[in-house]
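Report on the structure
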Amino acid sequence: MEVVIVPQAAAGGELIAEAMAQLLRRKPDALLGVATGSTPLPIYQALTAKVRSGAVDISEARIAQLDEYVGLPADHPESYRSVLRREVLEPLGIGMDAFLGPDGTAEDIQAACEAYDRALAEAGGVDLQLLGIGTDGHIGFNEPCSSLASRTRIKTLTEQTRIDNARFFDGDIEQVPHHVITQGIGTILEARHLVLLATGEGKADAVAATVEGPVAAVCPASALQLHPHATVIVDEAAASKLKLSDYFRHTYANKPAWQGI
Ligand SMILES: N[C@@H]1[C@@H](O)[C@H](O)[C@@H](COP(=O)(O)O)O[C@@H]1O
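Residues numbered from 1 in each chain as written. Predicted model: local features only at pLDDT ≥ 70, side-chain atom pairs only at ≥ 80, totals over all residues. Heavy atoms only, no water.

1. A short note on the sheet that holds strand 7 (residues 153-156)
Hydrogen bonding along the main chain pairs the strands of a sheet, whether they run parallel or antiparallel. Operational definition: When DSSP finds two or more bridges between two strands, those strands count as paired. For the purposes of this entry, the term helix denotes a DSSP run of H or I that reaches at least four residues, the term strand denotes a run of E that reaches at least two, and both are numbered from the N terminus. Comment: axis = line fitted to C-alpha atoms, over the contacting stretch for helices; angle = value between 0 and 180 degrees taken between N-to-C directions.
Strand order in the open sheet formed by three strands is 4-8-7, and the pairing between neighbours is antiparallel. Of all strands in the sheet, those bounded by a partner on one side alone are strand 4 (67-69) and strand 7. Mean inter-strand twist for the sheet, computed between neighbouring axes without regard to direction, equals 30 degrees. Alignment of strand 7 against strand 8 (residues 179-182), held across four bridges, turns out to be antiparallel. Pairing of T156 across the sheet is with H179, part of strand 8.

Shown next, in the form of C-alpha cells:
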C-alpha cells in the first residue's frame, strides 16, 4: 500500500485526476469506478478541468457505480445514480450509455446485486476504483464487520452513517434509507487499482486503522492491505494519527517521477 500525504484536498484531487488521465491515455475505454460523498469532489473538478482543456480525452471512458440506496426512485436527487449523473457524468460529458450501476429499485434486490457483479465482470472489470472512507472505516457501504470476501449485496446502514449522510437529506435522518446496495469488499478488491482519498480530521482514526491497523472486518477499508496496487491519499489532517507519516513522506518525496501513483 502506498500512502501519499498532500497539503490539502485540492492537491489530492489533482494527483488522482492526473492518475486517471494517465490511465485514459493508455486505455481510452477504461472503466472508472467512482464514489459519492464530499471527499471525491476535488477529483471530479480536477478531471473535468483536464477534459475541458483537452489534456485528456474521456469520450470512450466508462463509469461504474460503487453503491446505492435501496428504495429511492432512480430520479430522486439523492439517489447515488442521480448524484453521479450530476457530479461526474454531466460535467465530464459522459452519457448514461457508458454508465454501469446497480438497480436500487429492483423488486428482487439479490438478483439485481448478482446482475451488477456479472455486468462488472463482463465489462472487463474496473480499472481504477475511487474510494472515500466513512468515519467508521467503511468503504462503499460496507459497514464494520462486512465480510472481506463479500460480493455486491444489500446492507443495513449503521446509525452513525445515517447521521453522517443526513446532511444530504435536509439534515433529516428519517429520510435516509436504512438499506443500501454496495459492491462487496471482494468485488472492490477485484479492481486493478484502488485509490482512496480521505480528508479532514474526522477521518484520522479511520485512516490510521486502515493503514497501520490489522486487516480486520471491523475496519473494512483495512482490506486495502490485501490489494497489490492500493494508494491511500490523505491530507495533513487525515494523516494526523499515522505513526509512520515521516516514512510515507520520505518515500513519496524520493519516488521516481515516471512511476505515478
Ligand atoms: N457510501 C458513501 C461512501 O462511498 C463515502 O466514502 C462515505 C464518506 O463520505 P464523505 O466523503 O462525504 O465523508 O459516504 C458514504 O457512506
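2. A look at the environment of D97
Relative to the elements of secondary structure, D97 occurs in the loop between helix 3 (80-92) and strand 5 (99-100). When the C-alpha atoms of D97 and I63 are compared, they prove to be 9.6 Å apart, with 34 residues separating the residues in sequence.

3. Points about the site of the ligand
Rules: We call a residue near a molecule or strand when any one of its heavy atoms sits within 4 Å of it. For this analysis, a polar contact is any N or O atom pair within 3.5 Å, provided that within protein one partner can donate a hydrogen and the other can accept it, and provided that sequence-adjacent residues contribute only side-chain to side-chain pairs.
S38, T39, D67, R167 and K203 are the nearest of the 14 residues found near the ligand. At 2.7 Å from an oxygen atom of the ligand is found a side-chain nitrogen or oxygen belonging to R167.

4. Thoughts on the packing of helix 2 (residues 41-53) against helix 3
To characterise two packed helices, one gives the angle between the axes of the helices and the distance between these axes. Where we set the bar: These descriptions rest on fixed angle ranges, namely under 35 degrees for roughly parallel, over 145 for roughly antiparallel, 65 to 115 for roughly perpendicular, and the rest for oblique. We call two residues in contact when some of their heavy atoms are within 4.5 Å. Side-chain classes follow a simple rule in which Ala, Val, Leu, Ile, Met, Phe, Trp, Tyr, Cys and Pro form the nonpolar group, Asp, Glu, Lys and Arg form the charged group, and the remainder, Gly included, forms the polar group.
Contact geometry for helix 2 and helix 3: axes closest at 9 Å, N-to-C directions at 10 degrees. As judged from the angle between their axes, helix 2 and helix 3 are roughly parallel. Facing helix 2, whose interface residues are L41, Y44, L47, T48, V51 and R52, helix 3 presents E87, V88, P91 and L92. In terms of residue class, the contact of helix 2 with helix 3 is made up of seven nonpolar, one polar and two charged.

5. Observations concerning the sheet that holds strand 5
In space, the seven strands of this open sheet follow the order 1-10-9-6-2-3-5, with parallel pairing throughout. The open sheet has two edge strands with one neighbour each: strand 1 (2-6) and strand 5. Alignment of strand 2 (residues 31-34) against strand 6 (residues 128-131), held across two bridges, turns out to be parallel. Pairing of L32 across the sheet is with L128, part of strand 6.

6. Concerning the pattern of salt bridges
As a reminder, the rule being used: By definition, a salt bridge exists where a carboxyl oxygen of Asp or Glu is found within 4 Å of a side-chain nitrogen of Lys or Arg. Burial classification: accessible surface area is computed with a 1.4 Å probe over protein chains only, and a residue below 20% of its type maximum counts as buried, one above 50% as exposed, and the rest as partly exposed.
Within this structure, the stated rule accounts for 12 salt bridges. Here E2 makes a salt bridge to K255, at a shortest N to O gap of 2.6 Å. Highlighted residues: E2 in strand 1 and K255 in the segment after helix 8 (245-253), separated in sequence by 253 residues. Taking relative accessible area as the criterion, E2 reaches 18% and is therefore assigned buried. Its salt-bridge partner being D205, residue K241 comes within 3.2 Å of it at the nearest N-O pair. Residue K241 is found in the loop between strand 10 (230-235) and helix 8, and its partner D205 is found in helix 7 (residues 204-212); the two are separated by 36 residues along the sequence. On the accessibility criterion, K241 (46% relative accessible area) is partly exposed. On the basis of relative accessible area, D205 is assigned to the partly exposed category, the value being 49%. Residues joined by salt bridges that share partners form a network here, namely E14, E18, R25 and K50.

7. A look at helix 4 (residues 109-122)
In plain terms, the rule: Helix span, as expected, comes to 1.5 Å for every residue beyond the first.
Here helix 4 is 14 residues long and its end C-alpha atoms lie 20 Å apart, about the 20 Å a rise of 1.5 Å per residue gives. Where the residues of helix 4 are buried, they touch strand 2, strand 3 (62-65), strand 5, strand 7, strand 8 and helix 6 (185-188). A positive backbone phi angle near 95 degrees is found at G124, which sits one or two residues after helix 4.

8. Some thoughts on the packing of aromatic side chains
Heads up, the condition is: Here is the rule: rings of Phe, Tyr and Trp (six-membered ring for Trp) pair when centre to centre is within 6.5 Å. Planes less than 30 degrees apart are stacked, more than 60 are edge-to-face, and the remainder are tilted.
Enumeration according to the criterion identifies five aromatic pairs in this entry. Note on Y69 and F141: the rings are 5.5 Å apart at their centroids and 50 degrees apart in plane angle, and the pair reads as tilted. Of this pair, Y69 sits in strand 4 while F141 sits in the loop between strand 6 and strand 7, placing them 72 residues apart in sequence. Neither Y69 nor F141 differs from the other in exposure class; each is buried. Taking 5.6 Å as the distance between ring centres and 10 degrees as the angle between the ring planes, the aromatic pair formed by Y80 and F141 counts as stacked.

9. Brief notes about the UniProt feature "active site" (unreviewed entry) in the chain
Our working rule: UniProt positions are given in the numbering used here, feature names are shortened, and annotations may be inferred rather than shown by experiment.
When the UniProt feature table is mapped onto this chain, "active site" (unreviewed entry) is found at D67, D136, H138 and E143. Once you skip the residues sitting within four places of it in the chain, D136 turns out to touch E143, P144, T158, T161, V218 and P220. By the secondary structure assignment, E143 is in the loop between strand 6 and strand 7. Judged by relative accessible area, which is 2%, E143 ranks as buried. Not counting residues within four places of it along the chain, the set of residues in contact with E143 comprises D136, H138, K155, T156, L157, T158, T161 and P220.

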